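Close look at the chain arrangement
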Amino acid sequence: ENDITRPKGYTVSWHSNPEIEKHHFGHAHPMKPWRLTLAKGLIMAYGMHAAMDTYVSRPATKEELEDFHSEEYLDYLKSALVTVPDDNEIKDFNLGNTDCPIFEGLFNYCSMYSGASIDAARKLCNNESDIAINWSGGLHHAKKAEASGFCYVNDIVLAIVQLLRKHPRVLYIDIDVHHGDGVEEAFWSTDRVLTLSIHKYDGMNFFPGTGDLDRTGPDSEENPGAHHAINVPLSDGIGDQQYVWLFKTIVGMCVQRFQPTAIVLQCGADSLAGDRLGRFNVQVQGHGACVTYCKSLGIPLLLVGGGGYTPRNVARAWAHETSIAIGCDGKLNPIIPQHTPYRSHFRHETIFPTLEEILGDPRGNKNTDKKIREIVSSITEQLRFVNN
Ligand code: V1P
Ligand code: CA
Ligand code: ZN
């Protein structure tokens, strides 16, 4: 039987809007906003919403979006039609291509997921939440005046800008299988945000092609941002043991050195085994262990989504991570209640014993322990230059 009660002594807020899930990137496109419907279905089927403050988020205002994006870009994004755009506009804003199509309601979709991240950040600033969650956010590739890799508006940057109003230092951690280039670039020249991305790296053979170990910030020591970008490039097939050890070791060192007053964790679920675009072998348990570790630090925490292209696995991971946030992980009924309408989405699966177990052929692990230790040594050296 379910035993979900409101956690005593701390508050978790969940920010979402059902409007977001209704948008479609197009049939062949891997980004499926309805994975959020699946995640919400699991979260609610377990009754986890009863343990959180739930908010229906509102769209971000033009002024809020302009905290990062250029007015010309936003104007174009707002007026963009589902027709083939002018060549100059494609070139200027990287919009209307296979990765970043212009679809019905695009601007509404962008302002909605961004509004949720901004609201979540404000709850943390006002001490009204200890952990704030927006699974529809985490769109880490968007630039000031450019869409990239399924991301049009960078809700993470907008949320961090809000956090910086109250918080002197923000640690950004990105466990999406892709490099968090847009967030890294936005805070490239400041020492108030330490960005850490763990990702697959194989030069131009894997999107977005950046994020090698030696990409540590601006080259000039005069620039306050020097050494404040941390990149963990990995190869195919990393599993829970190496991944979680690496995560705890590096995040632990970052927290000790940088002393963040707030943490933003991008929980991109394309780092899970069996992901349609990903290459890793991380299980829901290992992915969730990253959330558990961040929660254990006792620092205000913003959880956002991100990538994740095998929708049922995404839903399981984010439902599991919601259970970690509210502190009921391990106490969940392993069988999805029979009566939930959402169960129909899962019925074709041959194995479905627990929320934590996911499907997908294991990939061969190309990451040696030696390489993992070398990464840690290199980042240990880098962090000597980081002082709070
Ligand atoms: O590799 C590319 C293209 C090729 N170049 C022109 C760029 N794009 C990738 C984009 C991946 C975006 C990941 C976003 C996130 O980090 C955050 C939400 O998860 C790409 C891939 C791929 N396998 O890397 N696009 C597509 N696949 C794609 C496939 C079918 C239809 C549309 C896009
Ligand atoms: Ca990443
Ligand atoms: Zn990704």
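Quick summary incoming for the structure in this document. (Residues numbered from 1 in each chain as written. Chains lettered and ligands numbered in written order. Predicted model: local features only at pLDDT ≥ 70, side-chain atom pairs only at ≥ 80, totals over all residues. Heavy atoms only, no water.)

A word on the overall build of the chain. Helices and strands together make up the secondary structure of the chain, namely twelve helices and eight strands. Counting only residues that meet the buried cut, the chain has 58% of its 388 residues in that class. Counting contacts in the chain only where the partners sit at least 6 residues apart, residues at least 24 apart contribute 78% of the total. Accessible surface, the chain as shown: approximately 15800 Å² in total, 50% of it carbon and sulfur. (Helix = DSSP H or I, 4+ residues; strand = E, 2+ residues; numbered from the N terminus. Buried < 20%, exposed > 50% of the residue type's maximum accessible area, 1.4 Å probe, protein only. Contact = heavy atoms within 4.5 Å. Areas by Shrake-Rupley, 256 points an atom, 1.4 Å probe, with all protein chains shown as cover.)

In the vicinity of ligand 1, 19 residues are found, and the nearest of them are D99, H140, H141, D270 and Y309. Here a nitrogen atom of ligand 1 and a side-chain polar atom of D99 are 2.6 Å apart. Measuring from an oxygen atom of ligand 1, one finds a side-chain N or O atom of D270 at 2.9 Å. With the chains in place, 67% of the 740 Å² that ligand 1 exposes on its own is no longer accessible. Tallied by class, residues from the shell around ligand 1 come to nine nonpolar, seven polar and three charged. (Near = heavy atom within 4 Å. Polar contact = N/O pair within 3.5 Å; in protein donor to acceptor, adjacent residues only side chain to side chain. Nonpolar A, V, L, I, M, F, W, Y, C, P; charged D, E, K, R; others polar.)

Read across the open sheet, the eight strands follow the order β2-β1-β3-β8-β7-β4-β5-β6; overall the sheet is parallel. Looking along the sheet, the strands with just one partner apiece sit at the ends: β2 (53-56) and β6 (229-234). For this sheet, the mean inter-axis angle between neighbouring strands, taken without regard to orientation, is 15°. As paired elements, strand β4 (residues 170-174) and strand β5 (residues 193-200) share five bridges and run parallel to each other. Counterpart to Y172 in the pairing with β5 is T195. The strands touched by helix α11 (residues 311-326) within the sheet are β1 (12-16), β3 (131-134) and β8 (301-304), with β3 carrying the most contacts at an inclination of about 165°. (Pairing = 2+ DSSP bridges. Axes fitted to C-alpha atoms, helices over the stretch in contact; angles between N-to-C directions.)

As a further point, take the pattern of salt bridges. The final tally for this structure, using the stated rule, is 15 salt bridges. In this structure, the salt-bridge partner of K40 is E21, at a minimum N-O distance of 3.2 Å. In this pair, K40 is assigned in helix α2 (residues 35-45) and E21 in helix α1 (residues 18-21), connecting sequence segments 19 residues apart. Here D236 makes a salt bridge to K200, at a shortest N to O gap of 2.7 Å. Here the residue D236 occupies a position in the loop between β6 and α9 (240-258), and K200 occupies one in strand β5, the gap between them amounting to 36 residues. Take D236: its relative accessible area is 18%, and that puts it in the buried class. (Salt bridge = Lys/Arg side-chain N within 4 Å of Asp/Glu carboxyl O.)

Look at K200 and you get buried, because its relative accessible area is 7%. Separated by 2.7 Å, the side chains of K200 and D236 make a polar contact.

Protein coordination at the zinc ion (ligand 3): the donors are D176 (OD), H178 (ND1) and D270 (OD), at 1.9 to 2.0 Å from the metal. Written as a sequence motif, the donor residues of the zinc ion (ligand 3) are D-x1-H-x91-D. A residue pair is termed long-range when its members are at least 10 positions apart, and D176 in the loop between β4 and α8 (181-186) and D270 in the loop between β7 (262-266) and α10 (284-296) qualify at 94 residues. The residues D176 and D270 share a single accessibility class, namely buried. (Donors = N, O, S within 2.8 Å, 3.2 Å for Na, K, Ca; no water.)

To continue, consider the packing of helix α6 (residues 106-125) against helix α7 (residues 155-166). It is the contact of α6 with α7, at a shortest axis distance of 8 Å, that shows an interaxial angle of 20°. Put simply, α6 runs roughly parallel to α7. As for the relative orientation of α6 and α7, their crossing is right-handed in sense. Contact residues: Y113, S114, S117, I118, A121, R122, L124 and C125 in α6; D155, L158, A159, Q162, L163 and K166 in α7. Considering only residue class, the contact of α6 with α7 consists of eight nonpolar, three polar and three charged. (Parallel < 35°, antiparallel > 145°, perpendicular 65-115°, else oblique. Left-handed = near helix turned anticlockwise from the far one by under 90°.)

Take α2 next. Burial within α2 is extensive, with nine of its eleven residues counted as buried. Listed as buried for α2 are R35, L36, L38, A39, K40, G41, L42, I43 and A45. On its buried face, α2 is in contact with β1, α1 and α11. Downstream of α2 by one or two residues, G47 has phi in the positive range, about 75°.

Ligation of the calcium ion (ligand 2) by protein atoms is provided by D174 (O), D174 (OD), D176 (O), H178 (O), S197 (OG) and I198 (O), these donors lying 2.4 to 2.9 Å from the ion. The coordination sphere of the calcium ion (ligand 2) comprises six donor atoms, whose angles at the metal cover 70 to 166°; the geometry is irregular. (Tetrahedral: all angles 85-135°; square planar, octahedral: opposite > 155°, others 65-115°.)

Its location among the elements puts R35 in helix α2. D176 provides the closest opposite charge to the buried, unpaired R35, separated from it by 7.3 Å. Those residues within four positions of R35 in sequence are excluded, and the remaining contacts are G306, G307, G308, P311, V314, A315 and W318. (Lys, Arg positive; Asp, Glu negative; His and termini not counted.)

Because the α-helix completes a turn every 3.6 residues, residues three or four places apart line up on one side. The end-to-end C-alpha separation of α6 is 29 Å, in line with the 28 Å expected for 20 residues at 1.5 Å each. Among the 20 residues that make up α6, 18 are buried, leaving the element largely enclosed by the rest of the structure. Phi for N127, located one or two positions after α6, is positive at around 60°. (Expected span 1.5 Å × (residues − 1).)

It is worth spelling out unusual backbone geometry at this point. In this chain, F207 is followed by P208 through a cis amide linkage whose omega measures -5°. We note that N127 has phi near 60°; this positive angle belongs to a residue other than glycine. Structurally, the position occupied by N127 is in the loop between α6 and β3. On the accessibility criterion, N127 (69% relative accessible area) is exposed.

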